[in-house]
Amino acid sequence: MPKLAEHDMAALLAPPPAHLADGASLFLDFDGTLVDIAPRPDAVAVDARLRQLIGTLIERLDGRIAIVSGRGAAEIAALFGGLDCPIAGSHGAELRGVAQAEMPERPAALDTVAARFHAFAEARPGLVVELKPLGVGLHYRGVPAAEGDARALAEDLSVATGLTLQRGKMVFELRAPGDKGRAIAALMGAMPFAGSRPVFLGDDLTDEPGFATVARLGGAGVLVGPVRETEAAYRLPDVTSTLRWLERIAENAA
């Protein structure tokens, strides 16, 4: 997508119309999309409003909804207290709740990464190491000044281990290969998603492959958060407005 001035980008990224979800499949990122990003990943909780909303959407859309997250699939399910819809976890490397469920083997090199990240964080109070089934994240939200050193460490470890370096919102993660776009494409080839139009809501750079995939498949991406260069076609400013939009979808879906 060509680079645009911020005011031009804002004009292109209008709020998604309510009819966008008519007959569609919804693919929803979690952190920064359905819940606000917390200082620590383990501080995030799913409240009754969100739990009820997802349950209603599953019913109203005849099951055409999936959570697509950088977190592990089991963690997403646990946060919701159980979830009766597919989950693409670990940035799309895991597929849970579908016939072609996948859980790749955990790379042994992640143990080395975890040890190096923990040693790095112990010397800089405020950094957080997040252990995932197929990745390890180093969060520097509590110590923004550590970004440069954290990036250098993550880049060195990526080269040494061959693991994928994933940049996120104030986090560097080393992980097994995975792609939210490929996960969405795989789900779109299965029931009940097949034959529908995909709509993907996400906030981060990790969601861009998903935006590109749904556009290629005749659907649309919805960016949640500030204006930036993106493959999404629409934008919602924050989590609050996203939940309100989804609630309207839940109320009006046939």
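Residues numbered from 1 in each chain as written. Predicted model: local features only at pLDDT ≥ 70, side-chain atom pairs only at ≥ 80, totals over all residues. Heavy atoms only, no water.

Draft legend 1. Region of interest: unusual backbone geometry. The amide bond that connects Met191 to the next residue, Pro192, takes the cis arrangement and shows omega of 5 degrees. Residue position: Pro192 is located in the loop between helix 6 (180–188) and strand 9 (197–202). For His91, which is not a glycine, the phi torsion comes out positive at approximately 60 degrees. Take His91: it is sitting in the loop between strand 3 (87–89) and strand 4 (94–96). Taking the relative accessible area as the measure of exposure, His91 reaches 6% and is therefore buried. (Helix = DSSP H or I, 4+ residues; strand = E, 2+ residues; numbered from the N terminus. Buried < 20%, exposed > 50% of the residue type's maximum accessible area, 1.4 Å probe, protein only.)

Draft legend 2. Broad picture of the pairing of strand 2 (residues 65–68). Neither face of strand 2 is exposed, since Ile65 and Ile67 on one face and Ala66 and Val68 on the opposite face are all buried. Relative to strand 2, strand 1 (residues 24–28) is paired through 3 bridges, and the arrangement is parallel. Counterpart to Leu28 in the pairing with strand 2 is Ile67. Between the parallel pair strand 1 and strand 2, the chain is carried across by helix 2 (residues 48–60), and the sense of this crossover is right-handed. (Pairing = 2+ DSSP bridges. Right-handed = clockwise from strand over helix to strand, strands pointing away.)

Draft legend 3. Molecular detail of the packing of helix 2 against helix 8 (residues 239–252). Between helix 2 and helix 8, the least distance of the axes is 9 Å, while the angle of their chain directions is 40 degrees. In this view, helix 2 runs oblique relative to helix 8, as classed from their interaxial angle. Note that helix 2 runs across helix 8; the crossing there is left-handed. Note on element contacts: helix 8 touches helix 2 through Leu243, Arg244, Leu246, Glu247, Ile249, Ala250 and Glu251, opposite Arg49, Leu50, Leu53, Thr56, Leu57 and Arg60. Class assignment for the residues of the contact of helix 2 with helix 8 results in 7 nonpolar, 1 polar and 5 charged. (Axes fitted to C-alpha atoms, helices over the stretch in contact; angles between N-to-C directions. Parallel < 35°, antiparallel > 145°, perpendicular 65-115°, else oblique. Left-handed = near helix turned anticlockwise from the far one by under 90°. Contact = heavy atoms within 4.5 Å. Nonpolar A, V, L, I, M, F, W, Y, C, P; charged D, E, K, R; others polar.)

Draft legend 4. Layout of the sheet that holds strand 7 (residues 164–168). Sheet architecture is open: 4 strands sit in the order 5-6-8-7, paired in antiparallel fashion. Two strands bound the open sheet, and with one partner strand each, they are strand 5 (128–132) and strand 7. Averaged over all pairs of adjacent strands, the angle between strand axes in this sheet comes to 20 degrees, irrespective of strand direction. Where strand 7 lies against strand 8 (residues 171–175), 5 bridges are found, and the strand directions are antiparallel. What sits directly across from Gln166, in strand 8, is Glu173. Each of strand 6 (135–139), strand 7 and strand 8 touches helix 5 (residues 147–161); the most contacted strand, strand 8, lies at about 10 degrees to it.

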